[in-house]
Amino acid sequence: MRIALEEARRAGEEGEVPIGAVLVSEGKVIGRGRNRPVALSDPTAHAEILAIREGGRRVGNYRLSGCTLYVTLEPCIMCTGAILQARVGRLVFGAEDPKAGAACSLYSVLGDSRLNHRVEVISGVLKDECREVLQGFFRERRKEIFTPETRGTPCGGAATKKNR
């Protein structure tokens, strides 16, 4: 999870939402990912997807049975779908995502008995540190948006030319 946190911090430094993921097989990292949808102009470039893609390329197979995916934030519906399609064996994540989490918070996709694959889910690993990386990022973003000159203007100045 610490490696996933490093990836998350790198994403934040690049201006992306700071989420990181690491795919591990037999104790070795075979895939790393950090959120990159802005940089890649790709809405599917979530940390989990990028880690799974790299892992598949490295092992030469789209099936990643027996692998563990470590993610700093509970995966969304798209990412849980990719985890299922890749047949990842275990998901370990830090912070829950009550607004978009699809492992256990908002949805429980990975444990749905109607599907042909189940994923062991472990939540809350380094959750405070994972949550702080995200909260710190958004705290800084709000400071950028709500500068002294935009306070008191409609929508926090979001509609002004300066902030477009």
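Below, the structure is looked at part by part. Model, not experiment: these values are computed from the prediction. (Residues numbered from 1 in each chain as written. Predicted model: local features only at pLDDT ≥ 70, side-chain atom pairs only at ≥ 80, totals over all residues. Heavy atoms only, no water.)

1. As for the state of the cysteines
Quick note on the threshold: Counting rule for disulfides: a pair of cysteine sulfur atoms within 2.5 Å.
Scanning the model with the defined rule gives 0 disulfides in all. Note on Cys-79: no disulfide assigned, nearest cysteine sulfur contributed by Cys-76 at a separation of 3.7 Å.

2. Observations regarding a nonpolar patch on the surface
Cut-off, in case you're wondering: Only residues whose relative accessible area exceeds 30% and that take part in no salt bridge are eligible for patches, with like-charged residues grouped when within 9 Å of each other and nonpolar side chains (Val, Leu, Ile, Met, Phe, Trp, Tyr) grouped when within 5 Å. All accessibility values rest on the Shrake-Rupley procedure with a 1.4 Å probe; residue burial counts only the protein chains present in the view. One side-chain nitrogen of Lys or Arg within 4 Å of one carboxyl oxygen of Asp or Glu is enough to make a salt bridge. Note on conventions: DSSP H or I runs of at least 4 residues are helices, E runs of at least 2 residues are strands, and numbering of each starts at the N terminus. Three labels apply to residues, based on accessible area from a 1.4 Å probe with only protein chains included: buried if under 20% of the type maximum, exposed if over 50%, partly exposed otherwise in between.
A surface patch of nonpolar side chains, amounting to about 280 Å² of accessible area, comprises Ile-77, Leu-106 and Tyr-107. For Tyr-107, the location among the structural elements is in the loop between β4 (90-95) and β5 (120-122). For Tyr-107, a relative accessible area of 41% gives the class partly exposed.

3. Overview of the packing of aromatic side chains
Keep this limit in mind: Two aromatic rings from Phe, Tyr or Trp, using only the six-membered ring of Trp, form a pair when their centres are within 6.5 Å; if the ring planes differ by under 30 degrees the pair is stacked, by over 60 it is edge-to-face, and anything between is tilted.
The final tally for this structure, using the stated rule, is 1 aromatic pair. Between Phe-137 and Phe-138, the aromatic rings sit 5.1 Å apart at their centres with planes inclined by 80°, giving edge-to-face as the arrangement. Its relative accessible area of 11% is what places Phe-137 among the buried residues.

4. Some words on helix α5 (residues 127-145)
Note that an α-helix has 3.6 residues per turn; residues three or four places apart therefore point the same way. Basically, it comes down to this: Here, expected helix span is obtained from the residue count minus one, scaled by 1.5 Å. What the arc describes is the spread of directions from the helix axis to the C-beta atoms. Whether two residues are in contact is decided by their heavy atoms: any pair within 4.5 Å suffices.
Taking 1.5 Å per residue as the helical rise, α5 with its 19 residues ought to reach 27 Å, and the 27 Å between its terminal C-alpha atoms agrees with that figure. Looking only at α5, the buried set comprises Cys-130, Val-133, Leu-134, Gly-136 and Phe-137. Take α5 and look down its axis: the buried residues cluster within an arc of 155°, on one side only. Set apart from the buried face of α5 by more than 90 degrees, the exposed residues are Asp-128 and Lys-143. Looking at the packing, one finds that the buried side of α5 touches α1 (2-13), β3 (68-73) and β4.

5. What about the sheet that holds β3?
Using the following cut-off: Here the rule is simple: two strands pair whenever DSSP picks up at least two bridges between them. Every axis corresponds to a line fitted to the C-alpha atoms, with the helix fit spanning only the stretch in contact, and the corresponding angles, defined between N-to-C directions, vary from 0 to 180 degrees.
Here we have 5 strands laid out as an open sheet, ordered β2-β1-β3-β4-β5, and mixed in their pairing. Each edge of the open sheet carries a strand with a single partner, namely β2 (28-34) and β5. If you compare each strand with its neighbour and ignore which way they point, the axes differ by 15° on average. Across 3 bridges, β4 lies against β5 in parallel orientation. Along β5, the bridge assignment pairs Leu-91 with Val-121. With respect to the sheet, α5 is in contact with β3 and β4, its orientation differing from that of β4 by roughly 60°.

6. Side note on unusual backbone geometry
Of note, Glu-26 is a non-glycine position whose phi angle comes to about 50°, a positive value. Mapped onto the fold, Glu-26 is located in the loop between β1 (20-25) and β2. We classify Glu-26 as exposed; its relative accessible area is 80%. Its identity as a non-glycine residue notwithstanding, Arg-87 has a phi of 60°, on the positive side. Overall, the relative accessible area of 18% leaves Arg-87 in the buried class.

7. Details of the nonpolar core
What counts is decided by this rule: Nonpolar core, defined: a set of buried Ala, Val, Leu, Ile, Met, Phe, Trp, Tyr and Cys residues in which side-chain atoms within 4.5 Å join the residues together.
Counting 36 residues, the largest nonpolar core has Leu-64, Leu-69, Ile-83 and Leu-91 as its most contacted members. For this core, the elements supplying multiple residues, two or more each, are α1, β1, α3 (47-59), β3, α4 (77-85), β4 and α5. Among all residues touching Leu-91, those that are not within four sequence positions of it are Leu-69, Val-71, Pro-75, Ile-83, Ala-103, Leu-110, Val-119, Glu-120, Val-121 and Ile-122.

8. Concerning the pairing of β1
Most of β1 is tucked away, with 6 of its 6 residues classed as buried. Pairing of β1 with β2 involves 6 bridges; the strand directions are antiparallel. Residue pairing in the sheet places Leu-23 in a bridge with Gly-31 of β2. Joining the antiparallel neighbours β1 and β2 is a turn of 2 residues, in which Glu-26 adopts a positive phi near 50°. Bridging between β1 and β3 involves 4 bridges; their strand directions are antiparallel. The residue of β3 that forms the bridge with Val-22 is Tyr-70.

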